[in-house]
Amino acid sequence: MLTQKLPLLITGQGLHWSPQRIFSVATQIIILLISSILLTNVIVTLGERRLQEDWAAQRYSELQSVGSLIADRVTFQKFRTQMFANSELLKNYLMIPSEARQEQLQQNWQLMTGNIPELFDIALFGSQGEFKFSASNEMNYGALPPSLLGGASSMGGTEVYTSPLDFTQVDGKIEPYLYQLAWLENPDLSVRGYLVTYQSMTRMLKSIKPAYSSEESPLLMVDTQGLLYAGVKNKPTINRIPETLGSSLRLSYPALWRKMATSNFGQFHGDDATFVYLKIGLTTQYETHREYYLVSYVRNDAIAADFYEWRNIVIIGSVVLTLLSLGLILLVHAYRIAQRSREFSIDLANRLFHQDTGCIIVNDHNRVVTANEQAAKLLNIELDELSDRNLQRILQLEDDAYAAILTQLNERKKWHDVIDFEEQCGHFLAVTISSAPRPAKKGNYLLVIFNDVTELKQAQKQANLNRLLNDNAVASALVSVNGSLELANEAFMQLVSIHDITNQNLTELLNNDLSSQWPRITQQILLQGSWKGQILCDPNSQENTCLQATLKGHLDAAGEIEYIVCTLEQAQKRALLQDRGDFIPHRSTILVNLRDLDDYFKSLTPKSRDNSSLLLIDITAESMLSHMSDIGQLESRQREVEIHILKSLPAGYQMSHWQLGKVIIILPDTSSDAAHHFAVKSLNSLNDIGLGTGICMGIASYQAGQNLEQYLSNAEVALQRAKQIGEQSICQAYTRHGATDKK
């Protein structure tokens, strides 16, 4: 009996239609349907438009024929009018008028109007344009226009005047007509009378229209002002086309009229119909120049009806192509899924057995089926010896613990923990066990993954030791370059009375001491690596409340401050030396106002003060203003100069701010020569680091009985000389050796 060969793939390696794949297929199908509908509509629309254009071309040719026939008819009617004017009966009547001759002439005219359809009346007018008689009395005959009488008109002789179209009422119906006038002259060329023939345009079109098209083909005649003279009997009518003679197409259909008014012929595709128009001229003489439009149209639904069969063919073809495309899309995606499933299986095997992660596969009897080299290396067991080993013994677990693992695998299909294999192989291994059902067979596969987390465990152990080490009585914190707290121990948080370091800033916690000095402190840390100072000292308190703050900077690879370690310790509070009369500031400080400098100056011994010099430094010379763009840059540059001079400032010398861009240094027990030597040395040092450009210095020696303001004024005089000379950057004034200047 043959056994069925089962696939060796786990469920995860089968064919799966992922949500992304389903979304992709649905998107492509939607795009295909939309494209198919749009393309079908475009083809149908283009087909109908092509049929409209074919109809329009044919109808335009027919309108040209109709226009030519109408022009020929009008020309022939002019010849016929001239023939009536030259008839013997009319001449005999005009020569000797009598009732008998008039009756004979009227009978002849009645015979003519009866045999000629478009000719419905003939009339005779006198030399003054008054009506005499006609073939029939159906029209309302009035006097002729004065512009056609006598010398008012340049026409005459054998010429025939053709009037514009007009309306009259015949048998209770409005009839469009035109009349032609012939001059009846005496031998001396004086006017004897006028012969007028009346032509019906409706009858003329009826006699012409069957010669070129069927009765259903509409034909409209419109003058250059848009008035309709023929075509209202065309059925069925469409919207915006006038239904009564004399109505204005210009008002009822402005869009069509704008198109017609700009050209003599053309096409217009409207919402309901497609129109073709042609302008024709009935006469060629200047005074009798008459132009009209012939308009024809076909309804769009009639075009659609003619295109109905082709439209059905296009729709059926589109549906068939769409179904074929749908099938092709599904087949392509199914093929790609199968290919990617195969690639996934190969990649899975490669990832399981050829990467740094240790993997073993266990059957439903908890026996190892296969394992990779990394698993054998991590477990410190030979690869050949791993096969058929029991998973429980590999993990070194008791029965109860292993039973709990199997229970969790049955419920959640996954188990994860870190196991200490230090005695066996010297590692901590993170073990992940995943359960997957075997297709078409009872039982599960277990995929066991081992990851070496020894370094992580050691890092956690070291972090715990650091935490224990940091948990001491010394208040310490790690802050960023802007002062934000990153880490802090309990002693620090208790000292500054906070419970959480989130959104806390060191300059805000110690606002009274560090907020204004923080940029200068960070600059000193960048240059010297650390800063020390006493903070939170209360001069009114008798208790020891001063803190010794130590800020140590740690730089990144670019040489910028990355983190600052801050430690706070109790320190002995300095006594206010100005209370003892010998105020000497801390060596790392820069006095910020003139009052503090005056206190310092007064605290000097008389001998030190009498032998002192004062150095005034100006870093805002005109030569520097070209590259000092704003006050912020000037302040930054001044801080750099101050910190650099402060690093090499001899003991006993004191630096102070005076104005923005100006620094004062008092040099006790220093002669003018020694002060000049110190100024030259400081300037050379600044030049070495690129900060000496544009700096000027003024030196003054103390004169007996001077106060600090007078002392400073003398130094200002020396500074002004240094600026005015231009070539010198250091000058002296009011020295004990005379008012001499030195470069």
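Residues numbered from 1 in each chain as written. Predicted model: local features only at pLDDT ≥ 70, side-chain atom pairs only at ≥ 80, totals over all residues. Heavy atoms only, no water.

Chemist: Even after reading the chapter, I still don't get the pairing of strand E5 (residues 173-185), so can you show me in this structure?
Modeler: In summary, the side chains of a regular strand alternate between the two faces of the sheet. For E5, the tally of buried residues reaches 10 of 13 residues, placing the bulk of the element in the interior. Alignment of strand E3 (residues 160-162) against E5, held across three bridges, turns out to be antiparallel. Bridge pairing in E5 links Thr162 to Gln180. Turn length for the strand E4 (residues 166-170)-E5 hairpin, with the two strands adjacent in sequence and antiparallel, is two residues, and the turn residue Asp171 shows positive phi of about 55 degrees. When E5 meets strand E6 (residues 191-200), the two strands line up antiparallel, connected through nine bridges. Across the sheet, the residue bridging to Leu178 is Gln199, located in E6. (Buried < 20%, exposed > 50% of the residue type's maximum accessible area, 1.4 Å probe, protein only. Helix = DSSP H or I, 4+ residues; strand = E, 2+ residues; numbered from the N terminus. Pairing = 2+ DSSP bridges.)

Chemist: What is the right way to look at the packing of aromatic side chains in this model?
Modeler: Given two aromatic rings, their pairing is described by the distance between the two centres and the angle made by the two planes. Applying the stated criterion across every chain, the model contains 23 aromatic pairs. Ring centres of Phe76 and Phe79 lie 6.3 Å apart, and the angle between their planes is 40 degrees; on these two criteria the pair is classed as tilted. With Phe76 and Phe79 both in helix H1 (residues 19-85) and three residues apart, this pair spans about one turn of that helix. For Phe76, a relative accessible area of 46% gives the class partly exposed. Aromatic side chains Phe120 and Tyr177 sit 6.3 Å apart centroid to centroid with 80 degrees between the ring planes, which places their arrangement in the edge-to-face category. Within this pair, whereas Phe120 is found in strand E1 (residues 119-126), its partner Tyr177 is found in strand E5, the two being separated by 57 residues in sequence. A single burial state applies to Phe120 and to Tyr177, both of which are buried. (Phe/Tyr/Trp six-rings, centres within 6.5 Å; stacked < 30°, edge-to-face > 60°.)

Chemist: Before we go on, may I ask you to explain the nonpolar core in this structure?
Modeler: Nonpolar side chains tend toward joint burial in soluble globular proteins. In terms of nonpolar packing, the biggest core is built from 26 residues, with Ile360, Leu391, Val431, Ile433 and Phe450 touching the most fellow members. Looking at this core, the elements that each hand over two or more residues are strand E12 (358-362), strand E13 (368-371), helix H9 (373-379), helix H11 (391-395), helix H12 (399-412), strand E14 (414-421), strand E15 (427-437) and strand E16 (444-452). With four residues, the top contributor of residues to this core is H9. In contact with Ile433, not counting residues within four places along its chain, are Leu391, Leu395, Ile405, Leu409, Lys413, Lys414, Trp415, Leu446, Leu447 and Val448. In this structure, Trp531, Ile535, Ile561 and Cys566 belong to the second largest nonpolar core, which totals 25 residues. (Core = buried A, V, L, I, M, F, W, Y, C linked by side-chain atoms within 4.5 Å. Contact = heavy atoms within 4.5 Å.)

Chemist: Looking at this model, I keep getting lost on the sheet that holds E16. Mind explaining?
Modeler: The strands making up a sheet are joined through hydrogen bonds of the backbone, oriented either antiparallel or parallel. Taken together, the five strands give an open sheet; going across it, the order is E13-E12-E16-E15-E14, and neighbouring strands pair in antiparallel fashion. Every other strand in the sheet has two partners, leaving E13 and E14 as the edge strands with one partner each. Going from strand to strand, the sheet's axes swing by 20 degrees on average, the running direction of each strand aside. Bridge count between E12 and E16: five bridges; the pairing is antiparallel. (Axes fitted to C-alpha atoms, helices over the stretch in contact; angles between N-to-C directions.)

Chemist: Help me understand the packing of helix H18 (residues 594-603) against helix H23 (residues 708-725), please; the structure alone is not making it clear to me.
Modeler: When two helices pack together, their arrangement is given by the angle between their axes and by how far apart the axes lie. Put simply, H18 and H23 touch, their axes get as near as 10 Å, and they point 105 degrees apart. As the angle between them shows, H18 and H23 are arranged roughly perpendicular. On H23, the residues touching Leu594, Leu597, Asp598 and Phe601 of H18 are Leu708, Tyr711 and Leu712. Looking at the contact of H18 with H23 residue by residue, the class counts come to six nonpolar, no polar and one charged. (Parallel < 35°, antiparallel > 145°, perpendicular 65-115°, else oblique. Nonpolar A, V, L, I, M, F, W, Y, C, P; charged D, E, K, R; others polar.)

Chemist: How should the confidence of the model for the protein be read in this particular structure?
Modeler: Averaged over the protein, the pLDDT score is 80; the fraction of residues at 70 or greater is 84%. By mean pLDDT, the top-scoring element of the protein is strand E25 (residues 696-701) (92), and the lowest-scoring one is helix H20 (residues 622-625) (46). Across residues 1-9, where pLDDT falls below 50, the model places five contacts with residues more than four positions away in sequence or in other chains. Throughout residues 573-588 the model reports pLDDT below 50, and contacts reaching past four residues in sequence, or to other chains, amount to 34 contacts. (pLDDT = per-residue confidence, 0-100.)

Chemist: How should the side chain of Ser200 be read in this particular structure?
Modeler: Within the element layout of this structure, Ser200 appears in strand E6. Using a relative accessible area of 0% as the deciding quantity, one classes Ser200 as buried. Not counting chain neighbours up to four residues away, the residues in contact with Ser200 comprise Glu118, Phe120, Glu175, Pro176 and Tyr177.

Chemist: I tried to follow the sheet that holds strand E8 (residues 228-230) on my own but got confused; where do I start?
Modeler: Taken together, the five strands give an open sheet; going across it, the order is E8-E7-E11-E10-E9, and neighbouring strands pair in antiparallel fashion. One side of each edge strand has no neighbouring strand; the edge strands of this open sheet are E8 and strand E9 (265-269). Adjacent strand axes in the sheet meet at a mean angle of 30 degrees when their direction is disregarded. Pairing geometry for strand E7 (residues 220-223) and strand E11 (residues 291-299), over four bridges, is antiparallel. Note that in E11 the partner of Met221 across the bridge is Leu294.

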